[in-house]
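# Per-entry structural report
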Amino acid sequence: MRLFRNIFVPAIAATMLFGAIACGEKANKNTLVILHTNDTHSQIEPGDDNLGGVMRRKAVIDSIRAAEKNVLLVDAGDAVQGTLFFYLYGGLVEQEIMNILGVDMRILGNHEFDNGSDSLAAVLKHSEALKLSSNYKLDGSALDGMFEPYTIKKFGDRKIGFIGINLNPEGMISKGNYDGVEFLPIVATANLMAEKLKKEDKVDAVVALSHIGYNPAGLVGDSVLALNSRNIDIIIGGHSHDVIDPATEKGARRSRMTNLDGKPVLVVQTGKSGRFLGKIEIDLDSIGTDALPDYELIRIDGRYDGYRDEALAESLKKYKSGVDSLMQVWVTYAPASMSNKSTELQNFFADYVMLRGKELDGKTDFAIINKGSLRADIPQGKVSEGHIINMEPFRNYIDVVELKGSDIKDIFDVMASTDGNGISGNVRASFVRKDGKAYADDITIDGKPLDPDRTYRVATIDYLAKGGDYMTGFTRGRVIAESPNAVFEDLLHYFREGTGKGKDFAGSPENRWTPIKK
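Residues numbered from 1 in each chain as written. Predicted model: local features only at pLDDT ≥ 70, side-chain atom pairs only at ≥ 80, totals over all residues. Heavy atoms only, no water.

### What to know about the sheet that holds strand 24 (residues 478-486)
Taking strand neighbours across the sheet as the criterion, the five strands line up as 19-16-23-18-24 in an open arrangement whose pairing is mixed. This sheet does not close on itself; its edge strands, each paired only once, are strand 19 (422-423) and strand 24. Sheet topology note: the strand 16 (residues 366-369)/strand 19 ladder contains two bridges and is antiparallel. What sits directly across from I368, in strand 19, is I423. Lying on the sheet, helix 12 (residues 405-416) is in contact with strand 16, strand 18 (397-404), strand 19 and strand 23 (455-461); it crosses strand 18 at an angle near 125 degrees. (Pairing = 2+ DSSP bridges. Helix = DSSP H or I, 4+ residues; strand = E, 2+ residues; numbered from the N terminus. Contact = heavy atoms within 4.5 Å. Axes fitted to C-alpha atoms, helices over the stretch in contact; angles between N-to-C directions.)

Set out below in C-alpha cells:
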C-alpha cells in the first residue's frame, strides 16, 4: 500500500488533498500503520536546517490518519531537553503538544529525568499517552503507578504486544535524578516479556519501544538486542540519534536483522529533533510469516507549511513569546558559524571551562568536557542569550575535581571510545583501536606526559564529575570547588561582564585528539 506517497507534494496541493482522503474509504483495512518518533528534544519549531517542526509533523500525521483505518503514534523517548521551550517551561509544552498530536504510547528517555524524578512525575501527569516501562521497576520511585510493563492492542482478530525497554541509568542519568528506579537487564527482560506475550497472551507480533541506542560502544543496544532476541518482531529505537533509512543500501542492511531463531527483526530509528517521522506498515494478514513490514522515513520539511491545526497553533502561541524574547537579547558576536559538533565549538567550551576552573581554583591543571553537552549551533553574526542557552541548555555546574593520573587515564580511555571529547588547549592525546576497543595514548598536559601517580585538578561539569557519560573515573576523585551558577549563566556573565566582554565568540580549529594506527 503506497497511497500516502502520492500526497508528498508541495504544501498547497497537499492541503487540498487532506479533505478528499478523509472522505474516501480507508485505504487498507488489513494494514496497521505505526508512526514513530524519538529524541525530538523539545524541537517545537523547525531547526536551523529548516527541518522538523511540530506543525509540519501534525500535517503528515493527520493525512495518514485520514488515509488509514488503523494508525498508532508512538514515541521512543527524549521528547524533552535541548531548546528554550524546555528551559522556560520545564516539559509542560512537550506534553501538551504530544497530546494534540495524539501520541498513543511512549517510553522514557534519559533526558526525561533531567529535572529529577519528582519533576518528571509532575509533568507526566499532563500526558495522555499510555506509558510503558518493562525493565524499570518504579514502585520505589516518584513514578510509581504511572507506567505499564506491556500493553496489547487488538486490530480485528490480530493482537500486537508492545513493551518498553530503557537504558541503564547508572553512568547516563545524574545520580539523584532517578532515585527509586531499579534497572533490570535489557536482553533477559525483553525476551521474558516477549515470551509471555507470545505464549501466554497469544499475541501475533511483539513490538519493542526502546531507548538504548542502536550500537553503543561496549553496551547493549538495539542491534545486540535484535540478534539475541526471541519473539520480538520490531524494535523502534532511540537514544543514539541514528537515521536508519531503508531507502539507502546502508540503511537496508542495518534495519533488517535476524534473531536467535533465524527469524527477521525490523530495527528502526528516526535520528533526532523531529527531522523525520518513521512509518511502519504491517500487513495484518501476513503476521506470523517471515515477511517484514514495509518501512519508510518521511522527511519533515517545508512541503507541509500550508497546513495549520488551530488547536496546535493556539498551544504554541501561549509559549512562543517567551522563547522569542530570549532570542532578541544580544550578548556577543560570532565571526563564523560553529556547528555543535565542530572542533571550534568544542575547543571554545573546553577552554572556557578551564578558564572558569582557574577562577574557582587557581591550581586547576586542565579541563575536560563532553561533546554531548553542546546541543545547538552558534550562528554567524550577533549571538543572543537564547543562542547560548540553546547551546548549553542543561542545568550543569562547573566543578574542579582532584584525582589521580591513573583515574584520568581511565577517563581518557572512555573518551577514546567516542573519538575523543573536548579537552583544554594545554592537553594533547591520541587514541587507538585494538581488539575491538579504543584506548587513549600519548596524553600530555602542558607538554609533559600524564603521570599516573600524580594528583591533578581537573575542571569539568558536574554531570561528568558524578560519572556521567560512563566516565566513572571521576567518581574516584574529590570535588574541591563548584560554581554556584549553571554553565549557561557563567557563560552569559563571561560575555557581558567578565573577561570575555567585547570579545568575539570563536574557538580554536586545532585537533587536540589524534587517531593513530597500531
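Let us keep going from here.
### A short note on the nonpolar core
Of all hydrophobic cores here, the largest spans 86 residues; its most connected members are I368, F412 and F505. Tallying contributions element by element places helix 10 (residues 343-360) first for this core, with seven residues. Within the second largest apolar cluster, 35 residues are counted, among which are V33, L73, Y319 and M327. (Core = buried A, V, L, I, M, F, W, Y, C linked by side-chain atoms within 4.5 Å. Buried < 20%, exposed > 50% of the residue type's maximum accessible area, 1.4 Å probe, protein only.)

### Topic: the pairing of strand 7 (residues 158-166)
Judged by how many residues are buried, strand 7 sits mostly within the fold: seven of nine residues are covered. Bridging between strand 6 (residues 150-155) and strand 7 involves six bridges; their strand directions are antiparallel. Counterpart to I152 in the pairing with strand 7 is G161. Remark: two residues form the turn of the hairpin made by strand 6 and strand 7, two consecutive strands paired antiparallel; G156 in that turn has positive phi of roughly 65 degrees.

### Let's talk about the packing of helix 2 (residues 54-67) against helix 9 (residues 310-326)
Relative orientation and spacing of two packed helices are given, respectively, by the angle between their axes and the distance between those axes. With their axes 11 Å apart at the nearest point, helix 2 and helix 9 run at an angle of 165 degrees to one another. Judged by the angle between their axes, helix 2 and helix 9 are roughly antiparallel. Viewed along their axes, helix 2 and helix 9 form a crossing whose handedness is right-handed. Counting all contacts with helix 2, which are made through V54, M55 and K58, the residues of helix 9 involved are L312, A313 and L316. In terms of residue class, the contact of helix 2 with helix 9 is built from five nonpolar, no polar and one charged. (Parallel < 35°, antiparallel > 145°, perpendicular 65-115°, else oblique. Left-handed = near helix turned anticlockwise from the far one by under 90°. Nonpolar A, V, L, I, M, F, W, Y, C, P; charged D, E, K, R; others polar.)

### Re the packing of aromatic side chains
For the coordinates displayed, the defined rule picks out 12 aromatic pairs. For the ring pair Y87 and F488, a centre distance of 5.2 Å and an interplane angle of 90 degrees mean the geometry is edge-to-face. Separated by 401 residues along the polypeptide, Y87 in helix 3 (residues 84-89) and F488 in helix 14 (residues 487-496) bring together distant segments of the chain. According to the relative accessible area criterion, Y87 is partly exposed, its value standing at 30%. Plain terms: the ring middles of F431 and W513 are 6.2 Å apart, the flat faces sit at 50 degrees to each other, and that makes the pair tilted. Placement of the pair is F431 in strand 20 (residues 427-434) and W513 in strand 25 (residues 513-515), with a sequence separation of 82 residues. W513 carries the same exposure label as F431, and that label is buried. (Phe/Tyr/Trp six-rings, centres within 6.5 Å; stacked < 30°, edge-to-face > 60°.)

### Some remarks on the sheet that holds strand 22 (residues 448-449)
Consider a sheet: its strands pair through backbone hydrogen bonds, and that pairing is either parallel or antiparallel. A sheet is described by the order of its strands in space; here four strands give the open sequence 22-21-20-25, paired in mixed fashion. Each of the sheet's edge strands pairs with one partner strand only, and the pair in question is strand 22 and strand 25. Alignment of strand 20 against strand 21 (residues 437-445), held across seven bridges, turns out to be antiparallel. The residue bridging S430 from the neighbouring strand is D441, located in strand 21. This element, helix 12, spans strand 20, strand 21 and strand 25 of the sheet and lies at about 125 degrees to strand 21.

### Brief notes about the environment of I408
Turning to its location among the elements, I408 is positioned in helix 12. In this structure the C-alpha to C-alpha distance between I408 and L209, which are 199 residues apart in sequence, comes to 36 Å. Those residues in contact with I408 that sit more than four places away from it in its chain are F366, L403, L450, Y456 and V458.

### Notes on helix 2
For helix 2, with 14 residues, the first-to-last C-alpha span of 20 Å sits near the 20 Å given by 1.5 Å per residue. Within helix 2, 13 of the 14 residues are buried, leaving the element largely enclosed by the surrounding structure. (Expected span 1.5 Å × (residues − 1).)

### Quick word on helix 6 (residues 186-200)
In this model, helix 6 (15 residues) spans 21 Å end to end at C-alpha, consistent with the 21 Å of a helix rising 1.5 Å per residue. Within the sequence span of helix 6, burial applies to I186, T189, A190, N191, M193, A194, L197 and K198. Those residues of helix 6 that are buried lie in contact with strand 6, strand 7, strand 8 (182-183), strand 9 (205-211) and helix 7 (222-227). Once helix 6 ends, the next one or two residues include K202, with phi positive near 60 degrees.

### Thoughts on the confidence of the model for the chain
For the chain, per-residue confidence averages 92 on the pLDDT scale, and 93% of positions sit at 70 or higher. Note that pLDDT drops below 50 for residues 1-26; the model gives that stretch 48 contacts with residues more than four away or on any other chain. (pLDDT = per-residue confidence, 0-100.)

### Here's the deal with the pairing of strand 2 (residues 70-75)
The element strand 2 is extensively covered by neighbouring structure, given that six of its six residues are classed as buried. Burial along strand 2 is two-sided: N70, L72 and V74 and V71, L73 and D75, pointing in opposite directions, are all buried. For the segment spanning strand 1 (residues 31-37), helix 2 and strand 2, crossover handedness is right-handed. In the sheet, strand 2 pairs with strand 3 (residues 105-106) via two bridges, with the strands oriented parallel. Within strand 3, the residue paired with D75 across the bridge is R106. (Right-handed = clockwise from strand over helix to strand, strands pointing away.)

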